[in-house]
Structure formats: structure tokens, C-alpha cells
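Each chain is listed here by its residues.
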Amino acid sequence: MLLGSLLIAAAVAAVNPGTASAATARRHVQPRAMASVDPTTWQTVWTSAMDWGAKLPATDTTVRDIARVAEGGTSVRFRLSNSWGSAPAVFPSVTVGVQESGDTVEPGTLHQVTFGGSPSVTVPVGADVTSDPVELTVRPGEALAVSVWLSDTTLVTQHYWRPDSGTPVDSYLAANGGGNLTETTTGTSFFTGDSDMRWLSAVEVAGSPAAGTAVAFGDSITDGFNNGGFGWPIPLQERIGRLAPSQQMSVIDEGIAGNTLTRFPPGKTYSTGDAGHAGVTRLGTDALDLPGAKDILLLLGTNDIWFGGQDDLPPYGSAPSIIAGMEQVIAEAHAKGIGVIGMTLLPRASTHEELWTPAEQATLEAVNTWMLTPGNGFDAVVNVAAVMGDVYNGSCAPTTPFQPYFTDDNLHPDTAGQIALANAIPTSLLGIPEAPQVPQVASVRAVPTPGCTGALDAEFVMDEAQAPVGPVATPVSTPTSPTPTSPTTTSPTTTSPTTTSPGDRSPHSATTGHDRSRRNDPKPGRPWELPVVVAAAVTAAVATLLAILVRRRRKRFRHH
């Protein structure tokens, strides 16, 4: 045991970016030139990743889903999914209107939606269908009410939530047998409202001046789990929403709680519950096939490590398997002209319920080291792990979560942490100008620790996303999420006055190609770069051995 620990310590010392020079966090690439946008091009402006089928089938019922779009346009269309259904889904009527409040539709805005000219559509099991265009002008940040009547019986395909305090209601459901309520504007006949999005998986617009879509592809961290649904795509969209209309783009949230990058451990049934298909499996549906997608922001892989450690199943959940998954995402995205921006895996720690072992930590650090190594294939890498480490207020523990940025599970960021993540992403990597960072929570104090290399790394990352001082565009939407409104005085992530957030969940958009010039630029003089491949392999091997020695049985699964 002692020998294994010493070997791990030596290997991690060789590859851990937190112990390298501050330049390791600096992943600057030249901003891509903005492409002109064809006003007839469809751009996705809202999505909800479908992750399971409800256990009880629905029959003759209506749902009204609320989708708050990030960017506006002059016409809209929708994608309905039956990916988790048990039978073909027959939708005889679908309508769309502007939400007035709750499940009420603004008078005069209700429109019938057609599919191939017909008001009725049948969606096969495992398939999606896109509606005909609807002439409806929608503004950035506006909420649409999409009502769907299911006449037959099937399992509900949905994005599942276990809501916590503050999670917004964004779906209204009639009881089985409730019939067709799609043309009802008052919504008084709906049985209940909750945060589970049903059947509606995407909204697209045409006639938008926006420059495209960035896909936030991740797990519960991206999905805002344990934080009222407030994930980093919301404050990132808030930053972008302060640019001129032609410089903006949609940030769509394709996060699923419990999701893995590669696959679920053999024999496990978690994926059939509510964690969705693994990232490499759902990549096409949830990212590459979305109209207007230009870039993927990839923050996925920490659950592979966690679930892989449940039953000691190497090579599942190992650094090589996670790296292979990332390489697969990169290859498939580049084949479609879509860029991939990697985001390093966040620090984690044990709680009284769940053990995070040295072996798992070594695997995480080996993955992050590979991500920060030039030539990995990413178009750029943002070292968000450096920002989220405990390197502030006198501490210097880069691999430990900075508690004011995390909820009490030592895994999921709180509002301050989600803002820190969003502020760390240079929007210039998306081919748009650098957007002003949003204010940090006023009560959070995060002063980088003098003399701490990890603190220097965090400062370099935040500097990359700093916008030049200048005039700020007028906010274009009404806040709908628990975004803080008061500026902080001590946090280095606060550089601009607050604005409003354009959406509860994010959207997407169109592009005609991808500029391959956005590559990682090697930084000389990093002593950990040459031995990184060998060191990572040693780390993974020793980590596996130690995991077998120290693993204790987990008492339960939980959302990650």
C-alpha cells in the first residue's frame, strides 16, 4: 500500500499541471474570424437533451413545454423526440405561442404547427422529427410555449430532473385522458407543473443576426444539478448577450445528470434510468446534427472515473479510455467542420457518503495533463480545473475544490462556481469578440494566494477571458435564473456590471465551415510535457492497483 502511494505521488508530480509553471494554464489561440450569417439559415436556439423514458406510459394527454430561446429570429421550428418511447408516438396536434406566465399563452400568438404540411405526425421509436417553419417573430430571451397532444400510448421521452430548491417549472402536464389542450391559452386544465422537459428537444430560428451556436456538452455540472438548474451555460450566455446582436451566438445546454463520456460499466442499469446515452453515443443527436453548431464545449468524463471505480473494472474509467473517448469526439466533430474546446475535469473530494480515492484522483489528473499537452487534437483547452481549485485566501491546494465554488457534495458547483466557470471561457475561441465577464456573488471572497503556483495558473486562465474596457451593449432579456445582481469587491472573476440571462436552458445555430487555425500553441519550457505519456500510463496502472486495495463498497448511486 505504501509503495503504491509513493509511486502514485511520484507519477502525479511528473504530470500534475497544478505543480507546473503558471504558463501551463495559458491556452491562448488566435480568435477565429467571424463568418457572415445568412438570414435564411436555421440556427438552434434552445435544446434539452432527452435522457430517459418515464416509467408510466402516457395516454391521450397534453404537455406544454416552456423553452426560453437565447437568440431571436423571424420564424421558428421544433424538434420532437421519441428516443425513449416504447411505441410510435402519435401527435395529432402541436401548437406554439409566446408564454405570458406559467402555462398561459399570450393572446394572439398561438400558432398551429405542421409536419410536412399536416397537423399530425407519428414519430417512430428511437427517432426525432422536425416541424415545418412557423412565421413567428421571437426576441432573444423570450419564452415559447410548445404544446403537444399525444393521442396514443407510449413512454414519455423526457429530460429528467430531481429538482432542488429554486429549480424553475418549465413543463406542464395534463392527466392521462385529459385530451387535446394544445389550443387552450389559459392552461387551467393542466394537472401539474414541474421541471421535466417532455418530447421537445430543440427549437430553431431563421432570420437571426446571431453568429452561430456553441454546444455545452456535459453532465450534471453543465446541467446545473444541485444548484436549481443554474449551470455555467446560463452566465456564459449572459456574457455573450451583452455583445452587439451580430456578434452574439447561442450557448445550448446539452448536459445530462449522471452522464458519462464513454459507456456505463458492464452490468450496470443506471443508463436505463435517467443518465442518458453515453457522450460518444449521443454526440450526433445532441451536438453534431444540430443546425448551426459551430463548436462543442466538452466538460465530460468525471463520471467515467466514478462509475469505473465502483466495481474495479479496468480499463473502464481509466485515463486511456477517457482520452480515447475525447479523441473520438474530436475526430467526429472535425469531420463535420465543428470545433471542440476541451474543459479540464474539475477538482473533486470525498464526502461523508462518497469516497473519492487517491487512485481516482490520479486518473483525473492524468486526463487533465493530457488535455493540457500540445498536439492533443482539441482546437483549444480551457483549464477550468485551475480556477476551481483551493488556491485562494491563503490556501494552496490546486487539486482540492475551493469550497465557496462548490455545493456540499464537493462535486457540483454552486452559483458562484458556475459563474467562475463561465467567466473562465474566452468567448474569442468561439469566433466572436471577448465578452465582458459577469459579476461574482458578492459574498464570495476569492483572492489568489501569493506565491502559490496554482493561484498563478488560475489568474492566467481568467486573464485569457478578459474583455477590453469599453462600452457595453444594453441587456436584451429578462432574468429568469438565480443570477446574482450585486458585484463583488474581492473576487478576481468580477470585471463588469451585471446583466440579464437570456435563457433557462440553452440553444444552437448555423455555420458553413470551420477554421482549423484555432490550435493549441505549444509553450516551451514545461518540464512535465516530455514524460507526460509515460507518466500518465504509470499513473493509470498504479492507480488501478491502489483502487483494488483501497476500494470500499459504495452505498448508493447518485447524480453526478
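Position numbers for residues count from 1 along each chain, tracking the sequence in the order it is written. Note on the predicted model: pLDDT of at least 70 is required for a residue's local features to be given, and 80 or more for side-chain atom pairs to be given and counted; whole-chain, interface and lining totals, by contrast, use all residues. The side-chain values count all of the structure's non-hydrogen atoms but skip hydrogen atoms and water molecules.

A. Local environment of the packing of aromatic side chains. Two aromatic rings from Phe, Tyr or Trp, using only the six-membered ring of Trp, form a pair when their centres are within 6.5 Å; if the ring planes differ by under 30 degrees the pair is stacked, by over 60 it is edge-to-face, and anything between is tilted. Applying the stated criterion across every chain, the model contains 5 aromatic pairs. Taken together, a centroid distance of 4.8 Å and an interplanar angle of 90° make the contact between phenylalanine 402 and tyrosine 405 edge-to-face. For phenylalanine 402, a relative accessible area of 3% translates into the label buried. A relative accessible area of 0% places tyrosine 405 in the buried class. Each member of the aromatic cluster is reached from another via a ring pair, and the members are Tyr392, Phe402 and Tyr405. In this scheme, the term charge over a ring applies when either NZ of a lysine or CZ of an arginine sits within 6 Å of the ring centre and within 35 degrees of the ring normal. Across the ring face of phenylalanine 217, the terminal group of arginine 282 is positioned such that the distance to the ring centre comes to 4.3 Å. Only protein chains enter the accessibility calculation, which uses a 1.4 Å probe; a residue is then buried when its area is under 20% of its type maximum, exposed when over 50%, and partly exposed in between.

B. Spatial organisation of the state of the cysteines. When two cysteine sulfur atoms lie within 2.5 Å, the pair is treated as a disulfide. Applying the stated criterion across every chain yields a total of 1 disulfide. Through a disulfide, cysteine 396 is tied to cysteine 452; the S-S separation comes to 2.1 Å. Judged by the sign of its S-S torsion, about 80°, the bond between cysteine 396 and cysteine 452 is right-handed. Highlighted residues: cysteine 396 in the loop between strand S20 (389–390) and strand S21 (397–401) and cysteine 452 in the loop between helix H9 (415–423) and helix H10 (453–464), separated in sequence by 56 residues. Of the residues examined, cysteine 396 reaches a relative accessible area of 47% and is grouped as partly exposed. Helix and strand definitions here come from DSSP, where helices need a minimum of 4 consecutive H or I residues and strands a minimum of 2 consecutive E residues; each element is numbered from the N-terminal end.

C. Expanded view of the confidence of the model for the protein. In the predicted model, the protein carries a mean pLDDT of 79, and the fraction of residues at 70 or more is 72%. pLDDT is a residue-level measure of predictor confidence that goes from 0 to 100. Whether two residues are in contact is decided by their heavy atoms: any pair within 4.5 Å suffices. Low pLDDT, under 50, characterises residues 1–36; the stretch is placed with 94 contacts to residues that sit more than four places away or in other chains. Between residues 470–560, whose pLDDT stays under 50, and residues either more than four places distant or in other chains, the model counts 287 contacts.

D. Examining the sheet that holds strand S17 (residues 293–299) more closely. Strands were regarded as paired on the criterion that DSSP finds at least two bridges between them. Spatial ordering of the open sheet is given by S16-S15-S17-S18-S19, a layout of 5 strands whose pairing is parallel. Of all strands in the sheet, those bounded by a partner on one side alone are strand S16 (250–255) and strand S19 (380–382). Strand-to-strand twist in this sheet, taken as the mean axis angle between neighbours without regard to direction, amounts to 25°. Relative to S19, strand S18 (residues 339–343) is paired through 3 bridges, and the arrangement is parallel. For methionine 343, the partnering residue across the bridge sits in S19 and is valine 382. To obtain an axis, a line is fitted to C-alpha atoms, over the contacting stretch when the element is a helix, and the angle between two such axes runs from 0 to 180 degrees between their N-to-C directions. In the packing of helix H6 (residues 319–335) onto the sheet, contacts are made with S17 and S18, and the angle to S18 comes to roughly 155°.

E. Quick look at the pairing of strand S15 (residues 213–218). With 6 of 6 residues buried, S15 is to be regarded as a mostly interior element. The alternating pattern of S15 places Thr213, Val215 and Phe217 and Ala214, Ala216 and Gly218 on opposite faces, both of which are buried. Bridge count between S15 and S17: 6 bridges; the pairing is parallel. Considered in S17, the bridge of phenylalanine 217 is made with leucine 298.

F. Molecular detail of the environment of proline 450. Among the secondary structure elements, proline 450 is positioned in the loop between H9 and H10. Measuring from C-alpha to C-alpha, the distance between proline 450 and valine 391 comes to 9.2 Å, with 59 residues separating the pair along the chain.

G. Structural detail: the packing of helix H4 (residues 279–288) against H6. In contact at an axis separation of 10 Å, H4 and H6 are set at 35° when each is read in the N-to-C sense. In terms of crossing hand, the pair formed by H4 and H6 is right-handed. Across from Val280, Leu283 and Leu288 in H4, the residues of H6 making contact are Gly325, Gln328, Val329, Glu332 and Ala333. Three classes are used: nonpolar for Ala, Val, Leu, Ile, Met, Phe, Trp, Tyr, Cys and Pro, charged for Asp, Glu, Lys and Arg, and polar for all others, with Gly counted as polar. Split by residue class, the contact of H4 with H6 holds 5 nonpolar, 2 polar and 1 charged. In this scheme, a crossing is called left-handed if the near helix is turned counterclockwise away from the far one by less than a right angle; it is called right-handed if the turn is clockwise.

H. Summary view of the layout of surface pockets. Definitions used for this entry: grid spacing 1 Å over protein atoms alone; cavity, a set of points where a 1.4 Å probe fits but cannot get out; pocket, an open set with protein on both sides within 12 Å along at least 5 of 7 lines; lining residue, one with an atom within 4 Å of a point. Grid points are joined across faces, edges and corners, and a volume is the space filled by probe spheres set on the points. Roughly 250 Å³ of internal volume is contained in the second largest pocket. In terms of lining residues, the second largest pocket is bounded by 15 residues, among which Ala54, Leu56, Pro57, Val156 and Leu173 are the most central. Elements that contribute at least two residues to the lining of the second largest pocket include exactly strand S2 (52–68) and strand S10 (143–159). By residue number, the principal contributor to the lining of the second largest pocket is S2, which donates 7 residues.

I. Layout of the sheet that holds strand S1 (residues 43–47). Pairing is antiparallel in the open sheet, where 4 strands are placed in the order S1-S14-S3-S9. Here the strands that pair on one side only, and so sit at the sheet edges, are S1 and strand S9 (128–130). Between one strand axis and the next, the sheet turns by 20° as a mean value, whatever way the strands run. In this structure, S1 lies alongside strand S14 (residues 200–206), joined through 4 bridges in antiparallel fashion. From the neighbouring strand, threonine 47 faces S14, where its bridge partner is alanine 202.

J. Representation of the environment of glycine 187 within the structure. Take glycine 187: it is sitting in the loop between strand S11 (171–173) and strand S12 (192–194). In the structure, glycine 187 is positioned 13 residues away from alanine 174 in sequence and 9.5 Å away in space, judged by C-alpha atoms. Glycine 187 has contacts with Arg64 and Asp103, leaving out every residue within four places of it along the chain.

K. The arrangement of the pairing of strand S5 (residues 93–101) in detail. Summarising burial for S5: 7 of the 9 residues are buried, a large majority. Relative to S10, S5 is paired through 6 bridges, and the arrangement is antiparallel. Directly across from glycine 97, in S10, lies its bridge partner alanine 145. For S5 and strand S7 (residues 111–112), the ladder comprises 2 bridges, and the chain directions are antiparallel. What sits directly across from threonine 95, in S7, is glutamine 112. In the sheet, S5 pairs with strand S6 (residues 104–105) via 2 bridges, with the strands oriented antiparallel. Bridge pairing links serine 101 to threonine 104 in S6. Taking the residues that link successive antiparallel strands as the turn, the S5-S6 hairpin has 2 residues, and the phi of glycine 102 there is positive, at about 55°.

L. View of the pattern of salt bridges. Each reported salt bridge corresponds to a side-chain nitrogen of Lys or Arg within 4 Å of a carboxyl oxygen of Asp or Glu. Under the definition given, this model contains 6 salt bridges. When the shortest N-O distance is used, the salt bridge between glutamate 204 and arginine 77 registers 2.4 Å. Of this pair, glutamate 204 sits in strand S14 while arginine 77 sits in strand S3 (residues 75–81), placing them 127 residues apart in sequence. Of the residues examined, arginine 77 reaches a relative accessible area of 19% and is grouped as buried. The partner of arginine 79 in a salt bridge is aspartate 128, with the nearest N and O atoms 3.9 Å apart. Here arginine 79, found in strand S3, pairs with aspartate 128, found in strand S9; they are 49 residues apart in sequence, far enough to count as distant. Of the residues examined, aspartate 128 reaches a relative accessible area of 32% and is grouped as partly exposed.

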